[in-house]
Amino acid sequence: MDHDDHAALIRGGVEGAGPRWLELGAGSGAFTLALADVLGAGADILATDRDPRPIAGLEARVQRRFPEARVRTRAFDFSDAIPYGPFDGVLAANSLHFVRDRDLTLRSIRSSLVRGGRLVVVEYDADRGNPWVPHPFSFQSWRREATEAGFDRPRLLHRVPSRFLGAIYGAVAERPDG
Ligand SMILES: C[S@@+](CC[C@H](N)C(=O)[O-])C[C@H]1O[C@@H](n2cnc3c(N)ncnc32)[C@H](O)[C@@H]1O
């Protein structure tokens with residue numbers, strides 16, 4: 001996958017949202033770059049990971065490519081707590097599959113969003129894991145999990161075939177407006 005695939009996986013869930021986003025499990029920042037690209041001027045991204053090493057220097061790397069984006073980084077474990085933004089959106093790309101029971105995490109994410117705010121996930125479209133992707137969830141499973149955790153309108157954004165676990169999808173759901 002290249003930058004255009006990363007952007008395509010999240011674009012439909014990011015466009016039209018406000019600029020303030022939290023990224024969970026940013027790693028070396030492939031999707032931070034995609035988020036900065038899709039959000040455009042005014043992007044304000046807090047990119048986080050429990051491992052401080054991959055996110056070190058990420059602000060500078062994103063800013064070199066997308067000078068109008070503001071990126072900050074912070075190291076923490078999202079299964080302990082999610083910072084209260086409120087954020088216009090939360091992006092979790094290939095990171096929620098490290099959590100076996102995601103309900104509490106999804107509810108905390110929902111509370112960190114503005115009303116109508118978006119949760120965008122990128123995940124392998126599979127329900128059986130392996131040592132590298134321990135607890136993946138297909139789009140069908142994710143639609144159920146997101147609804148049970150109080151999100152509205154879960155929908156598929158884009159799907160890319162993958163030799164590893166078949167396919168990767170991007171999906172979005174919203175914090176209810178009322
Ligand atoms: C497979 S990498 C994905 C990186 C990037 N989002 C991507 O898709 O290219 C997963 C990242 O999530 C982070 N991660 C896993 N569990 C986490 C947790 N509970 N809290 C914070 N970060 C976590 C890992 O440290 C790792 O950098």
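Here, every reference points to the structure presented above.
Residues numbered from 1 in each chain as written. Predicted model: local features only at pLDDT ≥ 70, side-chain atom pairs only at ≥ 80, totals over all residues. Heavy atoms only, no water.

### Structural notes on the packing of aromatic side chains
Aromatic rings in a pair are described by how distant their centres are and how their planes are angled relative to each other.
Part 1: Within the structure shown, the criterion is met by 2 aromatic pairs.
Part 2: Between tyrosine 124 and phenylalanine 164, the ring centres sit 5.3 Å apart and the planes meet at 75 degrees, which makes this aromatic pair edge-to-face. On the criterion of sequence distance, the pair formed by tyrosine 124 in strand β5 (residues 113–124) and phenylalanine 164 in the loop between β6 (152–162) and β7 (166–174) is long-range, its members being 40 residues apart.
Part 3: According to the relative accessible area criterion, phenylalanine 164 is partly exposed, its value standing at 35%.
Part 4: A ring pair is formed by phenylalanine 139 and tyrosine 169, whose centres lie 5.9 Å apart and whose planes are at 75 degrees; its orientation type is edge-to-face. One end of the pair, phenylalanine 139, is in helix α6 (residues 139–148); the other, tyrosine 169, is in strand β7, and 30 residues separate them in sequence.
Part 5: We note arginine 50 situated over the ring of phenylalanine 98; from NZ or CZ to the ring centre the distance is 6.0 Å. (Phe/Tyr/Trp six-rings, centres within 6.5 Å; stacked < 30°, edge-to-face > 60°. Helix = DSSP H or I, 4+ residues; strand = E, 2+ residues; numbered from the N terminus. Buried < 20%, exposed > 50% of the residue type's maximum accessible area, 1.4 Å probe, protein only. Lys NZ or Arg CZ within 6 Å of the ring centre and 35° of its normal.)

### A word on the pairing of β7
Part 1: Of all 9 residues in β7, 8 are buried; the element is thus mostly enclosed.
Part 2: Here β5 runs beside β7; their pairing, made up of 7 bridges, is antiparallel. Across the sheet, residue valine 121 finds its bridge partner in β7, namely alanine 171.
Part 3: Two strands pair when backbone bridges link them, and β6 and β7 are joined in this way by 8 bridges, in the antiparallel orientation. (Pairing = 2+ DSSP bridges.)

### Side note on the site of the ligand
Part 1: Neighbouring residues of the ligand: 14 residues in total, closest Gly25, Asp49, Asp77, Ala93 and Asn94.
Part 2: One nitrogen or oxygen atom from the main chain of phenylalanine 78 is found 2.9 Å from a nitrogen atom belonging to the ligand.
Part 3: Relative to its unbound accessible surface of 600 Å², the ligand loses 81% to contact with the protein.
Part 4: Residues of the shell around the ligand, tallied by class, amount to 6 nonpolar, 5 polar and 3 charged. (Near = heavy atom within 4 Å. Polar contact = N/O pair within 3.5 Å; in protein donor to acceptor, adjacent residues only side chain to side chain. Areas by Shrake-Rupley, 256 points an atom, 1.4 Å probe, with all protein chains shown as cover. Nonpolar A, V, L, I, M, F, W, Y, C, P; charged D, E, K, R; others polar.)

### Some words on the nonpolar core
Part 1: Grouped together as the largest cluster of nonpolar side chains are 31 residues, with contacts concentrated most on Ile10, Val14, Leu35 and Ile45.
Part 2: Those elements that provide at least two residues to this core are α1 (3–14), α2 (30–39), β2 (44–49), α4 (58–65), β4 (87–93), β5 and β7.
Part 3: With 7 residues, α2 is the single largest residue contributor to this core.
Part 4: If near-sequence neighbours (up to four positions away) are discounted, isoleucine 10 is found in contact with Phe31, Ala34, Leu35, Val38, Leu91, Val120, Val122 and Leu157. (Core = buried A, V, L, I, M, F, W, Y, C linked by side-chain atoms within 4.5 Å. Contact = heavy atoms within 4.5 Å.)

### Points about the environment of glycine 16
Part 1: Here glycine 16 shows up in the loop between α1 and β1 (20–24).
Part 2: The exposed category is assigned to glycine 16, whose relative accessible area is 77%.
Part 3: For the pair glycine 16 and arginine 155, spaced 139 residues apart in sequence, the C-alpha separation works out to 15 Å.

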